[in-house]
Amino acid sequence: MSNSNRQKIVDSVPQTGFFGHPKGLFTLFFTEFWERFSYYGMRAILVYYMYYEVSKGGLGLDETLALSIMSIYGSLVYMSGIIGGWLADRIFGTSKAVFYGGILIMLGHIVLAIPGSLAMFFVSMVLIVLGTGLLKPNVSSVVGEIYSEEDNRRDAGFSIFYMGINLGAFISPLIVGEVGMKHNFHLGFAIAAVGMFLGLVVFVLTKKKNLGLAGTFVANPLSGNEKKKVYTRFAIAAVLLAILIAIAIPAGYLTFDSFIALVGLLGIGIPIAYFVTMYRSSKTTEVERSRIIAYIPLFIASVMFWAIQEQGSTILANYADKRTQLEFAGFNISPAWFQSLNPLFIIVFAPVFAWLWVKLGKRQPTIPQKFSLGLLFAGLSFLVILLPAYFGGTDSLVNPLWLVLSYFIVVLGELCLSPVGLSATTKLAPAAFSAQTMSLWFLSNAAAQAINAQIVKFYSPATEMTYFGIIGGASIVLSIILFTMAPKIQGYMKGIR
């Protein structure tokens, strides 16, 4: 975006009114709060809806298949952000992308709320994947647009916005989980749809007054000729894809297993293509090439970390349902409530970690060392959850505090790795590929969940200790290797600390 356009945006945004920040932050905070409410509420009960018996209101899918589909779904959500970012940059701007994305997400939840077939379930997944890809990356971009580059409130504004994300993610499993698990899945999904509707209402009613021109400029618009070419290619691709699906499904080529394998290949192949393209580009300088080399082990570490963290909504969700004592201290706990632990711990401990890094100053660990700490905590969170089976076997129900402890430990790792990873990505990105490199960071999560879709097949009560032990142990070994390599990686960063 040109500096003149950025200045027009900043001049058009009411500059105070929401905790001393531009009023636009109110609009974006509550839009994202309700979007995350709808997404995490739906996600908290989705895996149970898939594998619960039809007599209990579920789809009756095989349990292992449901866990794989859940991972693939998460992977596609992160991949779709690439498409959403491109559409906003080249065709209709970030504001319209947020609005269109919200509409698609709401429709996806409405489809889930209607009792129907497996086909309806997949229609809803497509709508939510595409909608989240449009909304999630672009609403964050608009936050950046409402501040000038010199505005020292910018970091604090993103912190407030980040709090909105986690508040929505914390509250929704408690409400949707209670209704969906104890009463009716479809009613739970309907609450998620209402959440997204409220987010859209806030956005539509306040954006003109609060956001001004923010999100209205198309950063790199297609020319008339380019539009014709792009629309033609999209139409041809859609027709070809429809034909291929129509042929492949009856012929038995496109099955659940083959689709999961395809997404797995994309999850690994797309990041590799990104790295190769950036490294070989004539626009990348020698110093930037060195920083790309430094970024590769950080990316691999991130994939390993998210592979464990994202199993909180698959394997650990199943563990909460099947292996955990849900009658505790006189309360009947919904297994979906455990999904609120991650955002709760982040809300409580993110300020502590931010204070710690500032307090340590130059004595704080380097970026690679923080990543290695993230992997160490992730590995420990899996080793902790195998202990109940070691002490009491796999037949008895487990005290829920073991699960709480596992979620807590992995959040410590997330606070070492996730904010640092975002910061490192902006610092190490080649100038010509700054936006693409941020997409690459989010693809580490997509790759992790694509890999998880294969890994979760090996989980069962009989293999529980081996499963948690091997994955947790691998993370700790990778942590030690990364810590040992940290000085070397630091050298390739060429002055970035």
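Note that the coordinates shown come from a computational prediction; the quantities given were computed from them, not determined experimentally.

A closer look at the packing of helix H12 (residues 367-392) against helix H15 (residues 464-492)
Each pair of packed helices can be described by the angle between their axes along with the distance between the axes. Between H12 and H15, the least distance of the axes is 8 Å, while the angle of their chain directions is 165°. When the interaxial angle is binned, H12 and H15 end up roughly antiparallel. Viewed along their axes, H12 and H15 form a crossing whose handedness is left-handed. Here the contact of H12 with H15 is built from residues that sort into 23 nonpolar, nine polar and one charged.

A short note on helix H6 (residues 185-211)
Here H6 contains 27 residues, and its C-alpha end-to-end distance of 37 Å stays within 8% of the 39 Å for a straight helix at 1.5 Å per residue. Put simply, Asn184 is the residue that caps the front of H6, since its side-chain oxygen is 2.8 Å from the backbone nitrogen of His186. Just downstream of H6, Gly212 is the residue with a positive phi angle, here 60°.

What to know about the side chain of Gln449
With respect to the helices and strands, Gln449 occurs in helix H14 (residues 434-455). By relative accessible area, Gln449 is classed as buried at 4%.

What about the nonpolar core?
One finds Leu46, Tyr48 and Phe468 to be the most contacted residues of the largest nonpolar core, which totals 101 residues. If one sorts the elements of this core by residue count, helix H9 (residues 286-309) sits on top with twelve residues. Grouped together as the second largest cluster of nonpolar side chains are 18 residues, Val98, Ile105, Ile146 and Leu200 included.

Points about the environment of Pro335
One can find Pro335 in the loop between strand E2 (331-332) and helix H11 (341-360). Using a relative accessible area of 6% as the deciding quantity, one classes Pro335 as buried. Each residue touching Pro335, except ones within four places of it in the same chain, is listed here: Tyr48, Met181, Ala320, Asp321 and Leu326.

Description of the environment of Leu222
Locating Leu222 in the fold gives a position in the loop between H6 and helix H7 (224-251). Those residues in contact with Leu222 that sit more than four places away from it in its chain are Trp86, Arg90, Ile91, Lys227 and Val230.

Remarks on the packing of helix H3 (residues 63-113) against H7
Running from N to C, H3 and H7 cross one another at 140°; their axes reach a closest spacing of 12 Å. Looking at the two axes, H3 sits oblique to H7. Two secondary-structure elements touch here, H3 through Trp86, Leu87, Arg90 and Ile91 and H7 through Glu226, Val230, Tyr231 and Phe234. Broken down by class, the residue content of the contact of H3 with H7 amounts to six nonpolar, no polar and two charged.

A closer look at the packing of aromatic side chains
In total, this model carries 33 aromatic pairs according to the counting rule given. Residues Phe382 and Phe468 carry aromatic rings whose centres are separated by 5.0 Å and whose planes lie at 85° to one another, so their mutual orientation is edge-to-face. Placement of Phe382 in helix H12 and of Phe468 in helix H15 is noted, with a sequence separation of 86 residues between them. Accessibility expressed as a relative area gives 1% for Phe382, which makes it buried. Aromatic rings pair up to connect Tyr48, Tyr49, Tyr51, Tyr52, Phe121, Phe122, Phe185, Phe189 and Phe256 into one cluster. Of note, Lys56 hangs over the ring of Tyr52, and the distance from its end group to the ring centre comes to 5.7 Å.

Details of helix H2 (residues 24-51)
End to end, H2 covers 42 Å across 28 residues, agreeing with the expected 40 Å (1.5 Å per residue, within 8%). Where H2 bends most, the angle comes to about 35°, and this point is Ile45.

Describing a nonpolar patch on the surface
A contiguous nonpolar patch, built from Ile236, Val239, Leu240, Ile243 and Ile247 and spanning about 470 Å² of accessible area, is present on the exposed surface. With respect to the element layout, Ile236 can be found in helix H7.

Rules of the game
Residues numbered from 1 in each chain as written. Predicted model: local features only at pLDDT ≥ 70, side-chain atom pairs only at ≥ 80, totals over all residues. Heavy atoms only, no water. Axes fitted to C-alpha atoms, helices over the stretch in contact; angles between N-to-C directions. Helix = DSSP H or I, 4+ residues; strand = E, 2+ residues; numbered from the N terminus. Parallel < 35°, antiparallel > 145°, perpendicular 65-115°, else oblique. Left-handed = near helix turned anticlockwise from the far one by under 90°. Nonpolar A, V, L, I, M, F, W, Y, C, P; charged D, E, K, R; others polar. Expected span 1.5 Å × (residues − 1). Polar contact = N/O pair within 3.5 Å; in protein donor to acceptor, adjacent residues only side chain to side chain. Buried < 20%, exposed > 50% of the residue type's maximum accessible area, 1.4 Å probe, protein only. Core = buried A, V, L, I, M, F, W, Y, C linked by side-chain atoms within 4.5 Å. Contact = heavy atoms within 4.5 Å. Phe/Tyr/Trp six-rings, centres within 6.5 Å; stacked < 30°, edge-to-face > 60°. Lys NZ or Arg CZ within 6 Å of the ring centre and 35° of its normal. Bend = angle between axes of the 7 residues up to and from the residue. Patch = residues over 30% accessible without salt bridge, like charges linked within 9 Å, V, L, I, M, F, W, Y side chains within 5 Å. Areas by Shrake-Rupley, 256 points an atom, 1.4 Å probe, with all protein chains shown as cover. Salt bridge = Lys/Arg side-chain N within 4 Å of Asp/Glu carboxyl O.

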